[in-house]
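# Summary of the model geometry
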Amino acid sequence: MDLSWHTLQSERGGKWNIEALKKFGNRILAMQTRGAKVLPILDYGSGWTTENIPDQEFDFCGRQYSITRRADGDFSLRVFNRQKINGIERQILVNATPITARRMSQRFVQDDQVEEWKAFVRKAVSFLRKEPYSVEYFQIWNEAHPSSSFWYGDMDTYMRNVHLPAAEVIHELGGKVVYGGWICGAPLRELVNLLDRHDAWSSVDVIDIHYFPLAGMEYLRRAMAERGQEKKGIWQTELGFSSDPNYIGNLYPRILYWALANGWNWADQYKVFYFAYSSPDDPKAYGFGRSLILGKRQNLSGKSLETLAELLNGAPLESYAPVKSTPKLKFELNELASSLESFRVGNRIITAAHLLPNNHAKIFVDWNGDQDTIHLDYELPVLRLEFPEIAPDCIAKIERVSMYGSRMDLTERLEAGDGTAVNVPIREPDRSEFRFTDMPEDFLPQVFYTVITLKTAGGR
């Protein structure tokens, strides 16, 4: 939730709006009663004045930026790409945006306001660190980047005037710092370079990015390891905003498997926040069909997330390696590739199978085997799973579970041999479960789960 500077102090040198801070605190308490924690976003400029905001010319991410004040007091942003044409370097205009003076004052912090920015951070964090709020993490700004519309300036000024001063105060007060949401429109190497250039790794406890594929989280993990920063967290505080019914099922099990394989030993090390939680059940509403909740009913992503929560509920939770499949599947970082992940949760083995078509005819190619093919939507194709370390007499039940929770008992299909094997239907056994969702006739679920319930927690 945003906690904006101008909300707490609307005038320079003015009194703090303590009632607004208390109202924010009450929202946190309300969330806590529902078992949720809140990440406050300390954001945006004061909104007081643009008097000392300079014109700016700077290069970043291979582009040149120009921010200039117009005669009417508003500002203009122009962005250029540099390209050589016939051997001559030219500037190609790629964006031109007017910025009102009011918005500019809220999207930049000039040199003479840094101490006042720190005072705002201190006021907010001091209040929220105390009981009963006991907030631990604080995100500084949101999507700071000269192309994001949330920060109009060069990134070195952002680090000097916004991030580093705020991080110092948050750490002094015992809080933890979340770097505020690197945009997916800019390469991650530029974020890493920025932190290197300002020796700022110690200023953050969590690096937060938005709308990156899982490979982006892996990129950051490797960059942190190279710099001895393995104990930093990696979050995506905005992820989703998709109407793809397969989105949650395709991505979340991959992230979980990756996290378990990469030292996930404290709860807050890896996190994803789905955006947005809810939207009105109205086709004209912003985000319609992309949220977890539509009005008072679950959207497809909400149903998919609920299914995962049910399947993976329990402890201990760990990855489970000894599973083979035909066609051959393995864990893939690439969300556009088919994949297989298995987990052990107490006395259950849960396997997530992702079978993504490789052309418009819905043909799956066995890339890890001999490149044979399966038509995913013709007759009754199956995925054969083998569990070499589990004997059939140790299994109480085995089921196929769809992304949305429908179950099919496969216990009678178990085959004994070198462990246990089972042929799992790839297609939904009952497509009627999708009719109420107004899905297209050719909708093809790409993900399903196989759940083995062992007779005892230690059963093999």
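In what follows, the accompanying structure is described.

### Here's the deal with the packing of aromatic side chains
Taken as a whole and judged by the stated rule, the model has 23 aromatic pairs. When the centroid spacing of 5.5 Å and the interplanar angle of 40 degrees are considered together, the rings of tryptophan 117 and phenylalanine 120 count as tilted. Taken together, the residues span about one helical turn, with tryptophan 117 and phenylalanine 120 both in helix α4 (residues 114-129) at a distance of three residues. For the pair tryptophan 117 and phenylalanine 120, a shared accessibility class is recorded, and that class is buried. Linked through ring pairs, Trp5, Tyr44, Trp48, Phe108, Trp117, Phe120, Trp141, Phe150, Trp151, Tyr158 and Tyr179 together constitute an aromatic cluster.

### Describing the pattern of salt bridges
A side chain with one charge can pair with a side chain of the opposite charge if their charged atoms come near. Counted according to the given criterion, the structure contains 24 salt bridges. A salt bridge links arginine 427 to aspartate 377, with the shortest nitrogen-to-oxygen separation between them at 3.4 Å. Within this pair, whereas arginine 427 is found in the loop between β25 (419-425) and β26 (447-454), its partner aspartate 377 is found in the loop between β20 (373-375) and β21 (382-387), the two being separated by 50 residues in sequence. What makes aspartate 377 partly exposed here is its relative accessible area of 21%. We note a salt bridge from arginine 384 to glutamate 415, for which the minimum N-O separation is 2.7 Å. Residue arginine 384 is found in strand β21, and its partner glutamate 415 is found in strand β24 (residues 415-417); the two are separated by 31 residues along the sequence. Residue glutamate 415 is classed as partly exposed on the basis of its relative accessible area of 31%. Here the salt bridges do not stand alone but share partners, grouping Glu310, Lys397, Glu399 and Arg407 into one network.

### Points about the sheet that holds β26
Read across the open sheet, the six strands follow the order β15-β17-β18-β26-β22-β23; overall the sheet is antiparallel. Two strands lie at the open edges of the sheet, namely β15 (317-319) and β23 (407-409), each paired on one side alone. Here the average twist between neighbouring strands, direction ignored, is 25 degrees. Relative to strand β18 (residues 348-354), strand β17 (residues 339-345) runs antiparallel, the two sharing seven bridges. Looking at β18, one finds that leucine 340 is bridged to alanine 353. Of the strands in this sheet, β15, β17, β18 and β26 are in contact with helix α8 (residues 247-261), which crosses β17 at around 60 degrees. Where helix α9 (residues 300-311) meets the sheet, it contacts β17, β18, β22 (395-402), β23 and β26, and its direction lies at approximately 20 degrees from that of β26.

### Overview of the side chain of threonine 420
Among the structural elements, threonine 420 can be located in strand β25. Take threonine 420: its relative accessible area is 2%, and that puts it in the buried class. Reaching out from threonine 420, the side chain makes a polar contact with the backbone oxygen of isoleucine 390 at a distance of 2.7 Å. Those residues in contact with threonine 420, other than ones at most four positions away along the chain, are Leu385, Glu386, Phe387, Ile390, Ala391, Pro392, Ile395, Leu414 and Glu415.

### Regarding the pairing of strand β7 (residues 137-140)
Of the two faces of β7, the one holding Tyr137 and Gln139 and the one holding Phe138 and Ile140 are both buried throughout. One ladder, built from two bridges, connects strand β2 (residues 41-43) with β7; its direction is parallel. Paired with isoleucine 41 across the two strands is glutamine 139, which belongs to β7. The sheet contact formed by β7 and strand β8 (residues 176-182) spans four bridges and is parallel. Looking at β8, one finds that isoleucine 140 is bridged to tyrosine 179. Taken together, β7, helix α5 (residues 155-172) and β8 form a β-α-β motif whose crossover is right-handed.

### Here we look at the sheet that holds β24
The strand order β16-β21-β25-β24 describes an open sheet built from four strands, whose pairing is antiparallel. The open sheet has two edge strands with one neighbour each: β16 (324-326) and β24. Geometrically, the sheet is characterised by an average inter-axis angle of 25 degrees between neighbouring strands, direction not taken into account. Both β24 and β25 contribute to a ladder of three bridges, which runs antiparallel. Bridging from a neighbouring strand, glutamate 415 pairs with alanine 421 of β25.

### Observations regarding the packing of α8 against α9
Two elements in contact, α8 and α9, have axes whose closest approach is 8 Å; the angle formed by their N-to-C orientations is 35 degrees. Handedness of the α8/α9 crossing: right-handed. Touching Ile248, Gly249, Tyr252 and Pro253 of α8 are Ser301, Ser304, Leu305 and Leu308, all from α9. Of the residues belonging to the contact of α8 with α9, the class tally is five nonpolar, three polar and no charged.

### A short note on helix α7 (residues 214-226)
Helix length check: α7, at 13 residues, gives a terminal C-alpha distance of 19 Å against a target of 18 Å (1.5 Å per residue), a fit within 8%. In this fold, the buried residues of α7 make contact with α6 (188-197), β9 (206-210), β10 (233-240), α8 and β11 (270-275).

### A short note on the nonpolar core
Counting 96 residues, the largest nonpolar core has Trp117, Ile140, Trp141, Tyr158, Tyr179, Trp182 and Ile207 as the members making the most contacts within it. With near-sequence residues (within four places) excluded, tryptophan 117 lies in contact with Trp5, Leu42, Asp43, Tyr44, Val109, Ile140, Trp141, Asn161, Val162, Pro165 and Ala166. Core analysis: the second largest hydrophobic core is formed by 25 residues, Leu355, Leu410, Ile452 and Leu454 among them.

### Things to note about the packing of α7 against α8
Following both chains from N to C, one finds α7 and α8 inclined at 20 degrees, their axes separated by 10 Å at the closest point. Comparing the axis directions of α7 and α8 gives the class roughly parallel. With respect to the hand of their crossing, α7 and α8 are arranged in right-handed fashion. Across the interface between the two elements, Leu214, Met217, Glu218 and Arg221 from α7 touch Leu251, Arg254, Ile255 and Trp258 from α8. Looking at the contact of α7 with α8 residue by residue, the classes come out as five nonpolar, no polar and three charged.

Analysis parameters
- Residues numbered from 1 in each chain as written.
- Predicted model: local features only at pLDDT ≥ 70, side-chain atom pairs only at ≥ 80, totals over all residues.
- Heavy atoms only, no water.
- Phe/Tyr/Trp six-rings, centres within 6.5 Å; stacked < 30°, edge-to-face > 60°.
- Helix = DSSP H or I, 4+ residues; strand = E, 2+ residues; numbered from the N terminus.
- Buried < 20%, exposed > 50% of the residue type's maximum accessible area, 1.4 Å probe, protein only.
- Salt bridge = Lys/Arg side-chain N within 4 Å of Asp/Glu carboxyl O.
- Pairing = 2+ DSSP bridges.
- Axes fitted to C-alpha atoms, helices over the stretch in contact; angles between N-to-C directions.
- Contact = heavy atoms within 4.5 Å.
- Polar contact = N/O pair within 3.5 Å; in protein donor to acceptor, adjacent residues only side chain to side chain.
- Right-handed = clockwise from strand over helix to strand, strands pointing away.
- Left-handed = near helix turned anticlockwise from the far one by under 90°.
- Nonpolar A, V, L, I, M, F, W, Y, C, P; charged D, E, K, R; others polar.
- Expected span 1.5 Å × (residues − 1).
- Core = buried A, V, L, I, M, F, W, Y, C linked by side-chain atoms within 4.5 Å.
- Parallel < 35°, antiparallel > 145°, perpendicular 65-115°, else oblique.

Any functional reading would require information that these geometric values do not contain.
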